[in-house]
Amino acid sequence: MGNELIESKIGPSWCKVDVGKLLRKLRIPQSPADDGVSIVAQRFRKLFAGHELKLQHAIDIFPLEFGLTLDKLSSDEKILGFLTPQVLDWTAAYFGIRRDWLDGSVPHICGEKIVQMKIQES
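Residues numbered from 1 in each chain as written. Predicted model: local features only at pLDDT ≥ 70, side-chain atom pairs only at ≥ 80, totals over all residues. Heavy atoms only, no water.

A.B. asks: Describe helix 2 (residues 38-50), and please don't skip the residues or the numbers.
C.D. replies: With 13 residues, helix 2 extends 18 Å from end C-alpha to end C-alpha; this agrees with the ideal 18 Å at 1.5 Å per step. Along helix 2, the positions that sit buried rather than exposed are I39, V40, A41, R43, F44, L47, F48 and G50. A positive phi of about 55 degrees marks E52, the residue just after helix 2. (Helix = DSSP H or I, 4+ residues; strand = E, 2+ residues; numbered from the N terminus. Expected span 1.5 Å × (residues − 1). Buried < 20%, exposed > 50% of the residue type's maximum accessible area, 1.4 Å probe, protein only.)

A.B. asks: Can you explain unusual backbone geometry? Please cite residues and give values.
C.D. replies: The residue E52 is not glycine, and still its phi comes out positive at about 55 degrees. On the secondary structure map, E52 appears in the loop between helix 2 and helix 3 (58-61). The exposure class assigned to E52 is exposed, which follows from its relative accessible area of 54%.

A.B. asks: Can you explain the confidence of the model for the protein? Please cite residues and give values.
C.D. replies: Regions with low pLDDT carry predicted coordinates that are not meant to be interpreted in detail. When pLDDT is averaged across the protein, the result is 76; 61% of the residues are at 70 or more. Confidence drops under pLDDT 50 across residues 1-11; counting only partners more than four residues distant or on other chains, this segment forms 34 contacts. Predicted confidence is poor over residues 113-122, with pLDDT under 50, and the contacts of this stretch with residues over four places away or in other chains come to 11 contacts. (pLDDT = per-residue confidence, 0-100. Contact = heavy atoms within 4.5 Å.)

Structure below.
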């Protein structure tokens, strides 16, 4: 996988992703002391950074019914309070990533087959 650009079928029509660059940015080393919960907030933050979006832009992206405010993004603890199963599902669908990656259950943001399929569709 090189520096292929793909266009997102989900989300804004202007969104183009350099897959190699995105995957490098989203690698999060998992420390032995990780409690399994804080990684969810870390990955949420990394998801925005990997798309070169500031976290505060999330309030413009998320549907109003989620009730996202800047205060809810001010710390990992507050982010964790915001990240309900419905929010995690929506986030994964919007960015076209694996939900279990957001949960911290798997190390890869998307499966190899999914990336190849998206590249071939371009």
